[in-house]
Number of protein chains: 2
Amino acid sequence: MGDEFSMDELLLALLKQGAYFKPVKITTTELGKMLEMSQQNVSHRLSVLEKEDMVNRTASGIELTKKAKDRVDVLYADMKLIFEKEKLELSGVIVSGLGEGKYYLSMDGYRKQVKEKFGYLPFPGTLNIEIDENDMWKKQHILKMEPIIITGFKDKNRSYGDLFGYKCRIGDIDCAIIVPLRTHHGPRIIEIISRVELKKRLGKKDGDRIKVVF
Amino acid sequence: MGDEFSMDELLLALLKQGAYFKPVKITTTELGKMLEMSQQNVSHRLSVLEKEDMVNRTASGIELTKKAKDRVDVLYADMKLIFEKEKLELSGVIVSGLGEGKYYLSMDGYRKQVKEKFGYLPFPGTLNIEIDENDMWKKQHILKMEPIIITGFKDKNRSYGDLFGYKCRIGDIDCAIIVPLRTHHGPRIIEIISRVELKKRLGKKDGDRIKVVF
DNA sequence: ATTACTAAGATTCGAGTAC
DNA sequence: TGTACTCGAATCTTAGTAA
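A brief structural summary. All of these numbers come straight from a predicted model, not from anything done at the bench.

Examining the overall build of chain A
So, step 1. Regarding its fold elements, chain A presents 8 helices and 11 strands.
So, step 2. Considering only contacts within chain A whose residues lie at least 6 apart along the sequence, 63% involve residues at least 24 apart.
So, step 3. When the accessible area of chain A is evaluated, it comes to approximately 11100 Å², of which 51% is carbon and sulfur surface.

Re the protein's contact with DNA strand D
So, step 1. All residues adjacent to DNA strand D are T27, T28, Q39, Q40, S43 and R57 of chain A together with M37, S38, Q40, N41, H44 and R45 of chain B.
So, step 2. The sugar-phosphate share of atoms of DNA strand D within 4 Å of the protein amounts to 54%.
So, step 3. In the environment of DNA strand D, a phosphate oxygen lies 2.6 Å from a nitrogen or oxygen atom belonging to the side chain of T28 of chain A.
So, step 4. The contact in question runs from a phosphate oxygen of DNA strand D to an N or O atom on the side chain of R45 of chain B, over 3.1 Å.
So, step 5. Here the surface near DNA strand D takes 4 residues from helix α3 (residues 39-51) of chain B, the largest share from any one element.
So, step 6. Its residues assigned to classes, the surface near DNA strand D shows 1 nonpolar, 9 polar and 2 charged.

Regarding unusual backbone geometry
So, step 1. One non-glycine residue with positive phi stands out, namely D53 of chain A, at about 60°.
So, step 2. Mapped onto the secondary structure, D53 of chain A falls in the loop between α3 (39-51) and β1 (55-58).
So, step 3. Owing to a relative accessible area of 41%, D53 of chain A belongs among the partly exposed residues under this scheme.
So, step 4. For E36 of chain B, which is not glycine, the phi torsion reads 50° and is therefore positive.

Some words on the environment of C175 of chain A
Residue and element names in this part refer to chain A.
So, step 1. Among the structural elements, C175 can be located in strand β9 (residues 173-180).
So, step 2. Owing to a relative accessible area of 2%, C175 belongs among the buried residues under this scheme.
So, step 3. Note: C-alpha distance between C175 and V196 (21 residues apart in sequence) is 9.1 Å.
So, step 4. Every residue in contact with C175, bar those within four places of it in the chain, is listed here: Y120, Y166, K167, C168, R169, I170, I192, I193, S194 and L198.

Topic: the environment of Q113 of chain B
All names here are of chain B.
So, step 1. Structurally, Q113 can be placed in helix α6 (residues 108-118).
So, step 2. The buried category is assigned to Q113, whose relative accessible area is 11%.
So, step 3. Remark: the alpha-carbon pair of Q113 and I150, spanning 37 residues in sequence, is separated by 6.3 Å.
So, step 4. Sequence-distant contacts of Q113, that is, excluding residues within four places in its chain, are made with F118, I149, I150 and T151.

Comments concerning the pairing of strand β1 (residues 55-58) of chain B
Residue and element names in this part refer to chain B.
So, step 1. By the bridge criterion, 4 bridges tie β1 to strand β2 (residues 61-64) in an arrangement that is antiparallel. Looking at the pairing, V55 lines up with L64 of β2.
So, step 2. Between the antiparallel neighbours β1 and β2 lie 2 residues.

A closer look at the pattern of salt bridges
Opposite charge on two side chains permits them to pair, given that their charged atoms come into close proximity.
All names here are of chain A.
So, step 1. Counted by the stated rule, this structure contains 21 salt bridges over all chains.
So, step 2. Ionic pairing is found between D70 and K66, a salt bridge with its closest N-O pair at 2.8 Å. Taken as a pair, D70 and K66 lie in helix α4 (residues 66-85) at a separation of 4 residues, close to a single helical turn.
So, step 3. Taking the relative accessible area as the measure of exposure, D70 reaches 34% and is therefore partly exposed.
So, step 4. Between R169 and D174 there is a salt bridge, and its shortest N-O distance comes to 3.3 Å.
So, step 5. D174 sits in the partly exposed class, given a relative accessible area of 44%.
So, step 6. Because the salt bridges share partners, they merge into one network encompassing D8, E9 and R45.

Focus on the protein's contact with DNA strand C
So, step 1. The environment of DNA strand C is made up of M37, S38, Q40, N41 and R45 of chain A together with T27, T28, Q39, Q40, S43 and R57 of chain B.
So, step 2. A breakdown of the atoms of DNA strand C within 4 Å of the protein gives sugar and phosphate a share of 54%.
So, step 3. Within the contact set of DNA strand C, a base oxygen lies 3.1 Å away from a side-chain nitrogen or oxygen of Q40 of chain A.
So, step 4. R45 of chain A places a polar side-chain atom, nitrogen or oxygen, 2.9 Å from a phosphate oxygen of DNA strand C.
So, step 5. Contributions of two or more residues to the surface near DNA strand C are made by α3 of chain A together with α3 of chain B.
So, step 6. Counted by class, the surface near DNA strand C contains 1 nonpolar, 8 polar and 2 charged residues.

The rules we used
Residues numbered from 1 in each chain as written. Chains lettered and ligands numbered in written order. Predicted model: local features only at pLDDT ≥ 70, side-chain atom pairs only at ≥ 80, totals over all residues. Heavy atoms only, no water. Helix = DSSP H or I, 4+ residues; strand = E, 2+ residues; numbered from the N terminus. Contact = heavy atoms within 4.5 Å. Areas by Shrake-Rupley, 256 points an atom, 1.4 Å probe, with all protein chains shown as cover. Near = heavy atom within 4 Å. Polar contact = N/O pair within 3.5 Å; in protein donor to acceptor, adjacent residues only side chain to side chain. Nonpolar A, V, L, I, M, F, W, Y, C, P; charged D, E, K, R; others polar. Buried < 20%, exposed > 50% of the residue type's maximum accessible area, 1.4 Å probe, protein only. Pairing = 2+ DSSP bridges. Salt bridge = Lys/Arg side-chain N within 4 Å of Asp/Glu carboxyl O.

What follows is the structure in structure tokens.
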């Protein structure tokens, strides 16, 4: 964790010329113009990159080494994370729940753990949202992230399964998607818990559109 | 077209801390450790960035200006182009499947959707390929692209999960990688579906090398 | 503890120019 | 053409230390 996140501008210019996939034929003068730096400097820096085993200069042009490609991969993966993980935003419509959430969230076995792991006692009821078809792929990505696990328990009557939680926000309210391991509604519906009664707090009713941000 | 493609490592470190979306509370010493540079240098460079109107230091932390965010957007867009415009090609070795694919692809619930979303009824069986270690990063890129979702369903016995599909080609045959949400084999193995029986059509057998193009 | 100044050392840069 | 050397200038970096 450190400088592998930085990226040499010369390397980036080569990338822009397609060097990730094939050797690139380009002169130091051209590179200098692109980067607004002298031909001499490009020449020098290229030879440094070569010594560092980042590029090879061959008859067919300048090519990136595996080491350089690895660095670029890391940079791109990091940026992707910054841009697309944070921007995950599910849109959908509020639907009425079946009272299931209310039932589960009335039980101390779950409530205590929510307090512990999310920092608040949940309002005893969930907001149910039917996700737009177009955002379903985002939901799948979210479900692949590391969940906060609320472990199940038994009482004298029956046993209760684990719940998976994923932190999110609606407006500026901290919430979490809760997914029972054995869910009873279709994959397009998600259940949200929060400290407050979301529908009332947001002034929304069934059928209204809503956005959930991760 | 030039240096807007480069990126200051300090800016990138701030981004990594989430500065794109909110002010970040972090000390110059911490940043110095992250970047393997002295606290003094971070301090100095931060003040340069401030003079250049790239960051603001407020009571709630360091925040990026619009100018800085615009630059980052450009960098990301450029990288995205580099990575996702060019053809990705996975190389690997054919391995024998566990018959799972055959099982899934015998079910109408999935078959109908494949016909609908990919334009053909799939041969009831998958080609399993163990991707070369060197191409794993490409696989990761592919899995981050927008999938075609084959939604799960229930029958009287059990429920079947969603599948993610990504169109690709082997030679001139249209295929798709299929990824179950909860996959049963290691991340190096992918399953390919197609209209035809791929192994027979390509005259290949287990252990042969093969390329998949996106 | 945190930030940032100064002074000195390290490095990067571009002009001139050789090849 | 194109590349790359020297060398002085500009810039960057760090240690020491003040605030």
